[in-house]
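Fold and geometry: a report
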Amino acid sequence: VSTQSTWDNWIHNLGMPKRKQPERKAKTTPKAKKEEEKKEVVEPIPEKKVKEDFVPALEQLKKMTIVVADTGDIASIEKFKPVDATTNPSLILAAAKMPQYQELLTNAIKAAKAKNIGTSEKQLLEDAYDNVIVSIGCEILKKVPGYVSTEIDARLSFNTEETIKRARKLIKLYEEKGIGKERILLKIAAGWEGIQAAKVLQKEGMKCNMTLIFCFCQALACAQVDATLISPFVGRILDWYKKAEGKDYKPEEEPGVLSVTKIYNYYKKYDHKTVVMGASFRNTGEILELAGCDKLTISPQLLDELTKMDKVVVKKLAADVAQKMDIKKENELSESLFRWGMNEDPMATEKLAEGIRKFAKDTDECEKIIKEQLSKINQGQHSLT
């Protein structure tokens, strides 16, 4: 009998518990040890840790660029909390068809009708449309701390005097609703006539957003009249080149991205105060390639994608870098030089004309909706109050 067994029996006879034996560790073979180490390496990070470290791409972008909502939808503006918001006839048309805007639409039309008893139908439609876009602008301004961009009728794009007249009218409508001109950007198509209108309006203290920018000569002409802001259309430039050349581009190689980059760098090199706001994006890749641009106006769909995107955003544009670049200074543009520059750029010529036609068509569609509402009012379906 072993000494250990004898000891245990003696302890048992005294009525005392047996001494607990130390556990013997099984020998670990080199193979088992390797498997154990492998398990430790692939152990997943706790879900809580992932959520704490996640910073959406949109929040990163906001730290280097002012983000603007490209929509007339109040709900989207509330969701994404941009600094500014832009509208255009296409967005106004979309809003006019939404159930939640029918009361606003009807009230704006009633107000125009009450002011225009006995005037022509054409004048009534014009006033009602202007009332609608200003009413939507006022609602947007309740949700953003900065600007709202309101587009002047695209059908006036080739008439400098009428563009100036309509701009003054819109500012007056805003002022009647308690909104000062310092919060309004008047969107004007950047043809020669529109740029000349902006020259006058800027001197009168109004702020202009020159839209449908597709080439450098448009941007240069806008800066030379001290326009407050320009909107170069990134995605529409890409559309033209994809169709013309039948090829796809990486975001950093896209013609629209390169166009905005060139404009931004020139403005910063020569200290032009005009703000560059990239617009008309087709994908988030274009947006991230322009991180650092003064402003970017982005659709709700792409804002949503950026909110969910887990990616490090790198600043691509910077004023201090641009100021050190070797960039040739351009001469002042005359009307003939501007028109020649447009003539030499078939993409810019086609897209500017197409953009004006599209906005004019959407304005026509908005007026049809207004006309239908007016008919209902006249028939007593909506009482005038």
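Refer to the structure presented above.
Residues numbered from 1 in each chain as written. Predicted model: local features only at pLDDT ≥ 70, side-chain atom pairs only at ≥ 80, totals over all residues. Heavy atoms only, no water.

Some thoughts on the pattern of salt bridges
By the definition in use, this model includes 29 salt bridges. Salt-bridge contacts for Arg-166 lead to Glu-126; the nearest nitrogen and oxygen are separated by 3.1 Å. Of this pair, Arg-166 sits in helix H9 (residues 160–176) while Glu-126 is found in helix H8 (residues 121–141), placing the two residues 40 residues apart along the sequence. Take Arg-166 and Glu-126: they sit in the same class, and that class is buried. Between Arg-166 and Asp-130 there is a salt bridge, with the nearest N and O atoms lying 3.7 Å from each other. Note that Arg-166 is positioned in helix H9 and Asp-130 in helix H8, a separation of 36 residues in sequence. Here Arg-166 matches Asp-130 in class, with each residue buried. In this structure, a network of salt bridges that share partners links the residues Glu-126, Asp-127, Asp-130, Asp-153, Arg-155, Arg-166, Lys-169, Asp-364 and Glu-367. (Salt bridge = Lys/Arg side-chain N within 4 Å of Asp/Glu carboxyl O. Helix = DSSP H or I, 4+ residues; strand = E, 2+ residues; numbered from the N terminus. Buried < 20%, exposed > 50% of the residue type's maximum accessible area, 1.4 Å probe, protein only.)

Observations regarding the environment of Ser-157
Looking at where Ser-157 falls in the secondary structure, it is placed in the loop between strand E3 (148–151) and H9. Classification of Ser-157 as buried rests on a relative accessible area of 8%. Sequence spacing of Ser-157 and Ala-360 is 203 residues, and the spatial spacing of their C-alpha atoms is 9.5 Å. Residues within four places of Ser-157 in sequence aside, it is in contact with Ala-189, Glu-193, Gly-194 and Ile-356. Here the side chain of Ser-157 touches Ala-154 through a polar contact of 2.6 Å, landing on its backbone oxygen. (Contact = heavy atoms within 4.5 Å. Polar contact = N/O pair within 3.5 Å; in protein donor to acceptor, adjacent residues only side chain to side chain.)

A few points about the packing of aromatic side chains
Overall, the coordinates contain 5 aromatic pairs when judged by the stated rule. Measuring from centroid to centroid gives 5.7 Å for Phe-214 and Phe-233, while their planes differ by 65 degrees, and the two rings are edge-to-face. With Phe-214 in the loop between strand E5 (207–213) and helix H11 (216–224) and Phe-233 in the loop between strand E6 (229–232) and helix H12 (234–245), this residue pair connects regions lying 19 residues apart in the sequence. Here Phe-216 and Tyr-266 contribute two aromatic rings whose centre-to-centre distance is 5.1 Å and whose plane-to-plane angle is 85 degrees, an arrangement assigned as edge-to-face. Taken as a pair, Phe-216 in helix H11 and Tyr-266 in helix H13 (residues 255–269) lie far apart in primary sequence, 50 residues in all. For Phe-216, a relative accessible area of 16% translates into the label buried. An aromatic cluster is built from Phe-216, Tyr-266 and Tyr-270, whose rings are joined through pairwise contacts. The side chain of Lys-262 reaches across the aromatic face of Phe-216, ending 4.7 Å from its centre. (Phe/Tyr/Trp six-rings, centres within 6.5 Å; stacked < 30°, edge-to-face > 60°. Lys NZ or Arg CZ within 6 Å of the ring centre and 35° of its normal.)

A short note on empty space enclosed by the protein
A full pass over the atoms with the stated rule returns 3 cavities of 30 Å³ or more. Approximately 80 Å³ is the volume attributed to the largest cavity. If you go around the largest cavity, the residues you meet are Glu-151, Ile-152, Asp-153, Ala-154, Leu-156, Ser-157, Thr-163, Lys-187, Ile-188, Ala-189 and Gly-194. Broken down by element, the residue count for the lining of the largest cavity peaks at 3 residues, all from strand E4 (residues 184–189). By residue class, the composition of the lining of the largest cavity is 5 nonpolar, 3 polar and 3 charged. (1 Å grid on protein atoms, 1.4 Å probe; cavity = no way out; pocket = protein on both sides within 12 Å on 5 of 7 lines; lining within 4 Å. Points joined across faces, edges and corners; volume = space filled by probe spheres on them. Nonpolar A, V, L, I, M, F, W, Y, C, P; charged D, E, K, R; others polar.)

Here's the deal with the packing of H11 against helix H17 (residues 335–343)
Here H11 crosses H17 at 155 degrees, and the two axes come no closer than 9 Å. Overall, the two elements H11 and H17 adopt an arrangement that is roughly antiparallel. Note on element contacts: H17 touches H11 through Phe-338, Gly-341 and Met-342, opposite Cys-217, Gln-218 and Ala-221. In the contact of H11 with H17, the residues fall into 4 nonpolar, 2 polar and no charged. (Axes fitted to C-alpha atoms, helices over the stretch in contact; angles between N-to-C directions. Parallel < 35°, antiparallel > 145°, perpendicular 65-115°, else oblique.)

Here we look at the pairing of strand E8 (residues 295–298)
Of the two faces of E8, the one lined by Lys-295 and Thr-297 and the one lined by Leu-296 and Ile-298 are each fully buried. Two strands pair when backbone bridges link them, and strand E1 (residues 66–70) and E8 are joined in this way by 4 bridges, in the parallel orientation. Each bridged residue has a counterpart across the sheet, and for Val-68 the counterpart in E8 is Thr-297. As paired strands, strand E7 (residues 275–278) and E8 are joined by 2 bridges and run parallel to one another. Paired with Met-277 across the strands is Lys-295, a residue of E8. Handedness of the crossover joining E7 and E8 through helix H14 (residues 284–289): right-handed. (Pairing = 2+ DSSP bridges. Right-handed = clockwise from strand over helix to strand, strands pointing away.)

Here's the deal with the packing of H12 against helix H18 (residues 346–378)
Direction vectors running N to C along H12 and H18 enclose 120 degrees, while the axes themselves pass 10 Å from each other. The orientation of H12 with respect to H18, classified from their angle, is oblique. Classified by chirality, the crossing of H18 by H12 is right-handed. Contacts between H12 and H18 involve Arg-236, Ile-237, Asp-239, Trp-240 and Tyr-241 from the first element and Pro-346, Met-347, Glu-350, Lys-351, Gly-355 and Phe-359 from the second. Considering only residue class, the contact of H12 with H18 consists of 6 nonpolar, 1 polar and 4 charged. (Left-handed = near helix turned anticlockwise from the far one by under 90°.)

Quick word on the pairing of E5
In terms of burial, E5 is a largely internal element, 6 of the 7 residues being buried. Across 5 bridges, E4 lies against E5 in parallel orientation. Bridging from a neighbouring strand, Ala-189 pairs with Thr-211 of E5.

Here's the deal with H12
A rise of 1.5 Å per residue sets the reference length of H12, with its 12 residues, at 16 Å; its end C-alpha atoms lie 17 Å apart and thus fit the reference within 8%. The complete set of buried residues in H12 reads Val-234, Gly-235, Arg-236, Ile-237, Leu-238 and Trp-240. Buried residues along H12 sit against E5, E6, H13, H14 and H18. Positioned one or two residues after H12, Gly-246 has a phi angle of 60 degrees, which is positive. (Expected span 1.5 Å × (residues − 1).)

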